[in-house]
Amino acid sequence: MIVVSIGGSVLFSDIKAERIAEYGKVFDEHSGKVAVVVGGGKLARKYIDALRSLGGNEALCDYMGIEITRINALLLAQSIKKAPKVIPRDFREAEILLKNYDVVVMGGTFPGHTTDATAALLAEYVNAEKLMIATNVEGVYSEDPRVNPEAKLFEKLSPEELVEIVYKSRISAGSKSVVDLLAAKVIERSKIPTLIFNGTVENLKKALRGEKVGTEII
Ligand code: UTP
């Protein structure tokens, strides 16, 4: 079993059916079980900002984000023939669906983190052999490459090193960490072999074939 996290910025910046179909095809063509967790993208951010302006607290904003990730999940599920058109609400529901389907798509689960952490927790829950995090940068850098263009891209890191990098980037203003801290901590505690890479269709295909792309966390 493989768990793939597809960041909202990778597939749902704007909603294009042809692009979603391209990703769906990759999962249909893969043999073996895959659980896919998708992010919220721009739409989630818009809704969260509006809710916050209306006085919604952060936990409620998280619930809003989760709803949007689930809407995105249904779109991707529709583009995958093998996948049920039902979006599990938690890991236990996902596990049940995975017994009957080769590919299951889900969104977020509960407040307090992003879908990278959802994917890491799901990988832990289903004892996945690998976690693949498709994002919008090439992998894990020594610093946020959008802030410092001199930042170094790592080929390989230990889970402990990932936690340290994520922790440091959280406290430097203006930078955004490549995965959230909870995701890094879950990867660390369960030693889940993880790949963090730029989620183009080509890279996703390579990653699913077992080829190395981005940064490997082992
Ligand atoms: P995302 O995973 O898309 O967050 O979830 P993001 O920070 O925008 O991720 P990138 O930039 O695409 O990688 C959208 C929002 O939904 C809530 C959070 O508020 C998150 O920011 N969410 C998502 C949860 O609270 N719990 C979840 O399990 C998933």
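The structure under discussion appears in the preceding block.
Being a predicted model, the structure only gives us computed values, none of them experimental.

1. As for the pattern of salt bridges
For step 1, the next point in the chain: In the structure shown here, the tally under the stated rule is 12 salt bridges.
For step 2, the next point in the chain: A single salt-bridge network, built from bridges that share partners, covers Asp49, Arg52 and Glu58.

2. Remarks on the environment of Tyr125
For step 1, the next point in the chain: One can find Tyr125 in helix α6 (residues 115-125).
For step 2, the next point in the chain: The sequence separation of Tyr125 and Ala94 amounts to 31 residues, and the corresponding C-alpha distance is 9.9 Å.
For step 3, the next point in the chain: Leave out the neighbours within four places in its chain, and Tyr125 touches Phe91, Arg92 and Glu95.

3. Points about the site of the ligand
For step 1, the next point in the chain: Taken together, 20 residues are adjacent to the ligand, and Gly40, Asp62, Phe110, Thr115 and Thr118 come closest.
For step 2, the next point in the chain: Within the backbone of Gly40, one N or O atom sits 2.6 Å away from an oxygen atom of the ligand.
For step 3, the next point in the chain: A distance of 2.8 Å is found between an oxygen atom of the ligand and a side-chain nitrogen or oxygen belonging to Thr118.
For step 4, the next point in the chain: Alone, the ligand offers 580 Å² of accessible surface; in the complex the protein occludes 87% of this.
For step 5, the next point in the chain: Broken down by element, the residue count for the shell around the ligand peaks at 4 residues, all from helix α4 (residues 58-78).

4. Looking at a positive patch on the surface
For step 1, the next point in the chain: On the surface, Lys42, Arg45, Lys46 and Lys176 cluster together into a patch of positive charge.
For step 2, the next point in the chain: Looking at the element boundaries, Lys46 is found in helix α3 (residues 41-53).
For step 3, the next point in the chain: Under the relative-accessibility criterion, Lys46 is labelled exposed at 61%.

5. So, the sheet that holds strand β7 (residues 215-217)
For step 1, the next point in the chain: Here we have 7 strands laid out as an open sheet, ordered β3-β2-β1-β4-β6-β7-β5, and mixed in their pairing. This sheet does not close on itself; its edge strands, each paired only once, are β3 (103-106) and β5 (156-157).
For step 2, the next point in the chain: Relative to β7, strand β6 (residues 194-198) is paired through 3 bridges, and the arrangement is antiparallel. Bridge pairing in β7 links Ile196 to Thr215.
For step 3, the next point in the chain: Where helix α5 (residues 91-100) meets the sheet, it contacts β2 (34-38) and β3, and its direction lies at approximately 160 degrees from that of β3.
For step 4, the next point in the chain: Packed on one face of the sheet, helix α9 (residues 201-208) meets β1 (2-6), β4 (130-135) and β6 and runs near 160 degrees to β6.

6. Details of helix α2 (residues 17-29)
For step 1, the next point in the chain: Taking 1.5 Å per residue, 13 residues should reach 18 Å; α2 reaches 18 Å between its end C-alpha atoms and fits that length.
For step 2, the next point in the chain: Of all the residues in α2, the buried ones are Ile20, Tyr23, Gly24, Val26, Phe27 and Asp28.
For step 3, the next point in the chain: The inward-facing, buried residues of α2 contact β1, α1 (8-11), β2, α4, β3 and α9.

Parameters at a glance
Residues numbered from 1 in each chain as written. Predicted model: local features only at pLDDT ≥ 70, side-chain atom pairs only at ≥ 80, totals over all residues. Heavy atoms only, no water. Salt bridge = Lys/Arg side-chain N within 4 Å of Asp/Glu carboxyl O. Helix = DSSP H or I, 4+ residues; strand = E, 2+ residues; numbered from the N terminus. Contact = heavy atoms within 4.5 Å. Near = heavy atom within 4 Å. Polar contact = N/O pair within 3.5 Å; in protein donor to acceptor, adjacent residues only side chain to side chain. Areas by Shrake-Rupley, 256 points an atom, 1.4 Å probe, with all protein chains shown as cover. Patch = residues over 30% accessible without salt bridge, like charges linked within 9 Å, V, L, I, M, F, W, Y side chains within 5 Å. Lys, Arg positive; Asp, Glu negative; His and termini not counted. Charge placed at Lys NZ, Arg CZ, Asp CG, Glu CD. Buried < 20%, exposed > 50% of the residue type's maximum accessible area, 1.4 Å probe, protein only. Pairing = 2+ DSSP bridges. Axes fitted to C-alpha atoms, helices over the stretch in contact; angles between N-to-C directions. Expected span 1.5 Å × (residues − 1).

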